[in-house]
Amino acid sequence: MIKKTDEANSRAIIFEALMANQGGIVSGTALAEKLSITRQALSKNIAALKAEGLPVASVSQKGYMMQDIKDTDVLSSTLITYILRDNPLFNRCICLKETDSTQSVIKKMARDGEEAGVIATAEVQKMGRGRRGRNWQSVSGKNLMFSMLLRPPLLPGEVQLLNLAAGLSLKKTLRTLCALPAELKWPNDILCSGRKLCGILSESAGEAERIYYAVTGIGVNINMAAEEIPDELRGIATSVLIESGKAWPRWKILVDFLGRFASAAALLCSGGGPEALLELYRKECDTIGKKINVICDNESFSGTASGITGQGALVVKTNDGEKIFAAADVVHLR
Ligand code: BTN
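Residues numbered from 1 in each chain as written. Predicted model: local features only at pLDDT ≥ 70, side-chain atom pairs only at ≥ 80, totals over all residues. Heavy atoms only, no water.

## A look at the nonpolar core
Thinking step 1. If you look at the biggest cluster of nonpolar residues, it comprises 85 residues, and the most contacted ones within it are Met-148, Trp-186 and Phe-261.
Thinking step 2. The dominant element in this core, judged by the number of residues it contributes, is helix 8 (residues 250–269), at ten residues.
Thinking step 3. Ignoring sequence-local partners within four residues, the contact set of Met-148 consists of Phe-90, Ile-106, Val-118, Ile-119, Ala-214, Val-215, Thr-216, Ile-218, Phe-257, Leu-258 and Phe-261.
Thinking step 4. In terms of nonpolar packing, the next biggest core, distinct from the first, is built from eight residues, Ile-106, Ala-110, Val-118 and Val-215 among them. (Core = buried A, V, L, I, M, F, W, Y, C linked by side-chain atoms within 4.5 Å. Buried < 20%, exposed > 50% of the residue type's maximum accessible area, 1.4 Å probe, protein only. Helix = DSSP H or I, 4+ residues; strand = E, 2+ residues; numbered from the N terminus. Contact = heavy atoms within 4.5 Å.)

Shown next as structure tokens:
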């Protein structure tokens with residue numbers, strides 16, 4: 001019997017052979033021989049690549065061809081895992097069609113002993129989770145929803161730093177790759193035209209002295225059109241499509257982000273400690289220096305955001321003196 005890992009390996013080898021000759025025909029006989037598999041097994045693997053959404057064409061009597069993928073909006077485990085071979089932190093991506101929440105998928109893997117570096121994406125989440133017990137709504141097949149399994153050497157009180165690293169990295173992706181004037185609102189919301197483009201949630205398990213694992217989950221509105229925004233989010237949410245006027249291959253935004261996040265996480269966990277990351281974050285956080293409202297435990301405070309502490313908390317100058325918020329909702333006033 002062929003094991004699942006062997007199947008995934010064969011699929012990856014076939015994918016690599018097709019990618020090495022993108023736009024050209026690769027002989028089916030040569031592929032089957034290279035892998036020492038039957039033509040039926042090869043057809044099965046090709047069907048699996050097509051089912052992942054990859055543009056593989058079968059050319060009668062000749063073989064197979066990978067068509068241009070650079071503008072194809074596809075979330076494919078094989079494609080993303082292939083691109084991640086150059087990423088120092090992430091090594092595997094599992095792209096699901098539908099799940100309750102990618103957070104639950106990755107948390108289960110973490111509890112079962114999976115190593116750090118795996119990501120799960122979903123086209124549809126039936127019970128997407130947001131910060132502070134809220135739910136996360138998205139449009140099926142249009143946006144990015146993913147969770148990452150991390151095992152950083154952090155204390156439980158430092159998990160907020162992962163949110164900051166993720167917010168910082170995503171702002172850079174949206175500014176550099178998509179040329180959007182994205183703003184980073186503490187702790188980790190990304191805004192464009194004052195509306196929310198993404199949400200980030202980190203959950204962890206551990207003991208007082210160390211965390212066993214952290215799961216950072218991110219939802220980014222990418223190809224959702226204005227008329228598709230759920231009623232409750234109208235006037236509050238936006239998307240990369242709405243802001244840039246063009247649709248984006250979601251895999252491109254994901255892998256760009258994962259590269260930047262790997263660098264930010266390395267900074268966070270290296271000898272320099274959190275300060276190296278915080279220094280960058282303080283420069284990029286658009287909340288600093290702004291007049292803001294902070295909503296925390298049903299109380300509202302106004303003031304000017306003046307800094308970020310060593311654990312990632314927000315420092316606000318109010319009429320009653322300086323206040324520090326570890327977790328809260330912030331509204332930028334100007
Ligand atoms: C927020 O409230 O702003 C955070 C939202 C985080 C949503 C993402 S979508 C992928 C991952 N899976 C979930 O259930 N939640 C996170």
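## Description of helix 9 (residues 274–284)
Thinking step 1. If you check which residues of helix 9 are buried, you get Leu-277, Leu-278 and Tyr-281. Summarising the axial view, the buried residues of helix 9 lie within an arc of 100 degrees, below the 170-degree limit, and thus occupy one face. (Arc of directions from axis to C-beta.)

## So, the sheet that holds strand 8 (residues 189–192)
Thinking step 1. Taken in spatial order, the seven strands make up an open sheet running 4-5-6-10-9-8-7, and their pairing is mixed. Of all strands in the sheet, those bounded by a partner on one side alone are strand 4 (92–99) and strand 7 (183–185). Recorded for the sheet is a direction-independent mean angle of 20 degrees between the axes of neighbouring strands.
Thinking step 2. Where strand 4 lies against strand 5 (residues 118–125), seven bridges are found, and the strand directions are parallel. Bridge assignment links Thr-99 to a residue of strand 5, and that residue is Gln-125.
Thinking step 3. Against the sheet, helix 6 (residues 160–176) makes contact with strand 6 (144–150), strand 7, strand 8, strand 9 (195–207) and strand 10 (210–220), and its axis sits at roughly 150 degrees relative to strand 9, the strand it touches most. (Pairing = 2+ DSSP bridges. Axes fitted to C-alpha atoms, helices over the stretch in contact; angles between N-to-C directions.)

## Quick word on the domain arrangement of the protein chain
For an interface, size is often stated in terms of accessible area lost upon the parts coming together.
Thinking step 1. Per the domain assignment, the segments of the protein chain are domain 1 (6–66), domain 2 (77–284) and domain 3 (291–332).
Thinking step 2. Taking the mean C-alpha position of each, domain 1 and domain 3 sit 55 Å from one another. (Domains from an automatic or database assignment.)

## Points about the sheet that holds strand 2 (residues 56–59)
Thinking step 1. One open sheet holds the three strands; their spatial order is 1-3-2, and the pairing between them is antiparallel. Single-partner strands in this sheet number two, and they are strand 1 (25–27) and strand 2. Geometrically, the sheet is characterised by an average inter-axis angle of 30 degrees between neighbouring strands, direction not taken into account.
Thinking step 2. Helix 2 (residues 28–35) contacts strand 1 and strand 3 (63–66) of the sheet and is inclined by roughly 55 degrees relative to strand 1.

## A closer look at the packing of helix 6 against helix 9
Thinking step 1. Viewed as axis vectors pointing N to C, helix 6 and helix 9 meet at an angle of 50 degrees, and their least axial separation amounts to 10 Å. Considering their axes alone, helix 6 and helix 9 lie oblique with respect to each other. Crossing of helix 6 against helix 9: the hand is left-handed. In this structure, helix 6 uses Leu-161, Leu-164, Ala-165, Leu-168, Lys-171 and Lys-172 to contact helix 9, whose residues at the interface are Pro-274, Leu-277, Leu-278, Leu-280, Tyr-281 and Glu-284.
Thinking step 2. When the residues that make up the contact of helix 6 with helix 9 are grouped by side-chain class, the tally is nine nonpolar, no polar and three charged. (Parallel < 35°, antiparallel > 145°, perpendicular 65-115°, else oblique. Left-handed = near helix turned anticlockwise from the far one by under 90°. Nonpolar A, V, L, I, M, F, W, Y, C, P; charged D, E, K, R; others polar.)

## Some words on the site of the ligand
Thinking step 1. Around the ligand, the surrounding shell holds 19 residues, and the nearest of these are Ser-101, Gln-125, Arg-129, Arg-131 and Lys-196.
Thinking step 2. Here an oxygen atom of the ligand and a backbone polar atom of Arg-131 are 2.7 Å apart.
Thinking step 3. A distance of 2.9 Å is found between an oxygen atom of the ligand and a side-chain nitrogen or oxygen belonging to Lys-196.
Thinking step 4. Protein coverage of the free-state accessible area of the ligand, which is 420 Å², stands at 98%.
Thinking step 5. Those elements that place two or more of their residues in the shell around the ligand are helix 5 (102–111), strand 6, strand 9 and strand 10.
Thinking step 6. For the shell around the ligand, the element with the highest residue contribution is strand 9, accounting for four residues.
Thinking step 7. Here the residues of the shell around the ligand sort into six nonpolar, ten polar and three charged. (Near = heavy atom within 4 Å. Polar contact = N/O pair within 3.5 Å; in protein donor to acceptor, adjacent residues only side chain to side chain. Areas by Shrake-Rupley, 256 points an atom, 1.4 Å probe, with all protein chains shown as cover.)

## Looking at helix 2
Because each turn of an α-helix spans 3.6 residues, side chains separated by three or four positions end up pointing in the same direction.
Thinking step 1. Along helix 2, the residues that are buried comprise Gly-28, Leu-31, Ala-32 and Leu-35. Taken around the axis of helix 2, the buried residues stretch over an arc of 95 degrees, which confines them to a single face. Turned more than 90 degrees from where helix 2 packs its buried face, Glu-33 and Lys-34 sit exposed.
Thinking step 2. The N-terminus of helix 2 is capped by Ser-27, whose side-chain oxygen sits 3.3 Å from the backbone nitrogen of Thr-29.
Thinking step 3. Backbone geometry just downstream of helix 2 places Ser-36 in the positive-phi region, at approximately 50 degrees.

## Some points on the pairing of strand 12 (residues 299–308)
Thinking step 1. Taken together, the six bridges between strand 11 (residues 291–296) and strand 12 define a ladder with antiparallel strand orientation. Across the sheet, residue Lys-291 finds its bridge partner in strand 12, namely Thr-304.
Thinking step 2. Hairpin connection, strand 11 to strand 12: the antiparallel pair is bridged by two residues, and Asp-297 has positive phi, about 50 degrees.
Thinking step 3. Inspection of the sheet shows strand 12 paired to strand 13 (residues 314–318) by four bridges, in the antiparallel sense. If you follow Gly-307 over to strand 13, its bridge partner there is Val-315.
Thinking step 4. Two successive antiparallel strands, strand 12 and strand 13, enclose a turn made up of five residues, where Gly-312 displays a positive phi of approximately 90 degrees.

## Structural notes on the environment of Ile-14
Thinking step 1. Tracing the backbone shows Ile-14 in helix 1 (residues 4–20).
Thinking step 2. Taking the relative accessible area as the measure of exposure, Ile-14 reaches 0% and is therefore buried.
Thinking step 3. Here the alpha-carbon distance between Ile-14 and Leu-49, two residues 35 residues apart in the chain, equals 9.1 Å.
Thinking step 4. Ignoring sequence-local partners within four residues, the contact set of Ile-14 consists of Leu-31, Leu-35, Leu-42, Asn-45, Ile-46 and Leu-49.

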